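Summary of structural features
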Amino acid sequence: MHNDFGIKDKLVFATGHGGLTMGTINTDVCTASFYLHGAHVTNWQPAGHEPVLYLSTRSNYAPGKAIRGGIPIIWPWFGAKTIGDPKGSPPAHGFARNRPWDIIATSISDGGAVRVTLTLPPQQESSDKPCLDEFHDLRAVCEMEFGETIRMALQVTNTGAEAITYEQAFHSYFAVSDISKTQVQGLKGIDYLDKVDSFKQKTQKDDVITFNSEVDRPYLDCSGAVTIDDKASQRKIIINRDHSNSVIVWNPGLETAAKLSDLDADGWQHFVCVEAGNVAKNAVTLPPGNTHTMSMAVSVIKYAI
Ligand code: TA6
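Anyway, here's the lowdown on the structure attached to this text.

Scoring rules and cut-offs
- Residues numbered from 1 in each chain as written.
- Predicted model: local features only at pLDDT ≥ 70, side-chain atom pairs only at ≥ 80, totals over all residues.
- Heavy atoms only, no water.
- Pairing = 2+ DSSP bridges.
- Helix = DSSP H or I, 4+ residues; strand = E, 2+ residues; numbered from the N terminus.
- Phe/Tyr/Trp six-rings, centres within 6.5 Å; stacked < 30°, edge-to-face > 60°.
- Buried < 20%, exposed > 50% of the residue type's maximum accessible area, 1.4 Å probe, protein only.
- Salt bridge = Lys/Arg side-chain N within 4 Å of Asp/Glu carboxyl O.
- 1 Å grid on protein atoms, 1.4 Å probe; cavity = no way out; pocket = protein on both sides within 12 Å on 5 of 7 lines; lining within 4 Å.
- Points joined across faces, edges and corners; volume = space filled by probe spheres on them.
- Nonpolar A, V, L, I, M, F, W, Y, C, P; charged D, E, K, R; others polar.
- Near = heavy atom within 4 Å.
- Polar contact = N/O pair within 3.5 Å; in protein donor to acceptor, adjacent residues only side chain to side chain.
- Areas by Shrake-Rupley, 256 points an atom, 1.4 Å probe, with all protein chains shown as cover.
- Sits in = over half its atoms within 2 Å of the grid points.

**Concerning the pairing of strand β9 (residues 150-158)**
- Two strands pair when backbone bridges link them, and strand β8 (residues 138-146) and β9 are joined in this way by nine bridges, in the antiparallel orientation. By the bridge assignment, V141 is partnered in β9 with Q155.
- In sequence, β8 turns back onto β9 through a hairpin of three residues.

Right, here's the structure in full:
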């Protein structure tokens, strides 16, 4: 059935790791791959560049588990569930990344970018997972466009009679050659919650964020572009966002990475997560009948010193 959505020589569906359905894209402008499980992008490599996303070789690929690396979709809550009712045993970062999505449409643009639209089937209310009930009336649609730039959009519609609050993030793992020589720019003057210091609220004083130990920070009330300067590779990854007021910056560092069994031993040295999102005080409250769309566009440039 998925092959009905294939695009000759450019988008092919096959069985990937763990028996899960994977789409592979091969065009003049990029190569890429994604899984229906989690609507999870696992590779994007624009022509003339090295792969832009880190993907762990130790990742799980199984129903109910998240893929480690690429672009996990975090929804409808971020981290431990603090919004709404905490009953049940809510999995970290919501359920969107742990479940299969359905394909609605695929197409190719005039510029040669492949577009894929997926939707998350409505969640069944169930006594063992009451944490899902409050999101039952939300419908989520994810649009991905794989070209010279990768674009992702998460469109959420409230089909119910009450307002519903949710959090969200594109938890992108961007590949870098050496985290100790990597800088994140564009968040100066922005307040953040420092997760490695009891969630204290702080303000970003320096022009750049550097990585000498674990960094885990939701930056709030910010809308500008954020750039990853991967100095060891002499390339910049630029992240632009729409209707996203938070950016989460995360690298686990040596000690926290050692506790993540699905991460490569030296993996933490080779990625930084810079996540377009709406979390904590930036959570979205969606009135009945309304739709909210958060989007991100990522591009890459090489430079010479
Ligand atoms: O986005 C940062 C973060 O929330 C960190 O606190 C860290 O735990 C990371 O996500 C990974 O979470 P995961 O549930 O995928 O292991």
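**Some thoughts on the packing of aromatic side chains**
- A full pass over the atoms with the stated rule returns 13 aromatic pairs.
- Geometrically, the ring pair formed by W77 and F95 is edge-to-face, given 5.8 Å between the ring centres and 75° between the ring planes. Residue W77 is located in the loop between β5 (73-74) and β6 (102-108), and its partner F95 is located in the loop between β5 and β6; the two are separated by 18 residues in the primary sequence. Summarising the burial analysis for this pair, W77 and F95 share the class buried.
- Pairing W250 with F271 gives two aromatic rings, centres 5.8 Å apart and planes at 50°, and the pair type is tilted.

**So, the pattern of salt bridges**
- Within this structure, the stated rule accounts for 13 salt bridges.
- Residue E134 is joined to K81 by a salt bridge in which the shortest nitrogen-to-oxygen separation is 3.0 Å. Remark: K81 occurs in the loop between β5 and β6 and E134 occurs in the loop between β7 (114-120) and β8; sequence separation between them is 53 residues.
- For D178, the salt bridge identified is with K181, shortest N-O distance 3.1 Å.

**Some points on unusual backbone geometry**
- The step from W75 to P76 runs through a cis peptide bond, and the omega angle for that step is 0°.
- Its place among the elements puts P76 in the loop between β5 and β6.
- One non-glycine residue, S198, lies in the positive phi region at around 55°.
- Mapped onto the elements, S198 comes out in the loop between β14 (191-194) and β15 (200-203).

**Things to note about the layout of surface pockets**
- Put simply, the largest pocket is a space of about 560 Å³.
- Around the largest pocket, the lining comprises 24 residues; the ones closest to its centre are F78, G79, A80, H93 and K195.
- Counting residues per element, the ones that place at least two in the lining of the largest pocket are β17 (215-219) and β20 (246-251).
- Looking at side-chain class alone, the lining of the largest pocket contains 12 nonpolar, five polar and seven charged residues.

**Comments concerning the site of the ligand**
- In the neighbourhood of the ligand, the contacting residues comprise R68, F78, H93, R97, H171, K195, D216, I248, W250 and E275.
- Here an oxygen atom of the ligand and a side-chain polar atom of D216 are 2.5 Å apart.
- In the model, an oxygen atom of the ligand is placed 2.7 Å from a nitrogen or oxygen of the E275 side chain.
- For the ligand, the accessible surface in isolation is 390 Å², of which the surrounding protein chains cover 83%.
- Taking a 2 Å distance to the grid points as the criterion, the majority of the atoms of the ligand fall inside the largest pocket.
- Its residues placed into classes, the shell around the ligand shows three nonpolar, two polar and five charged.

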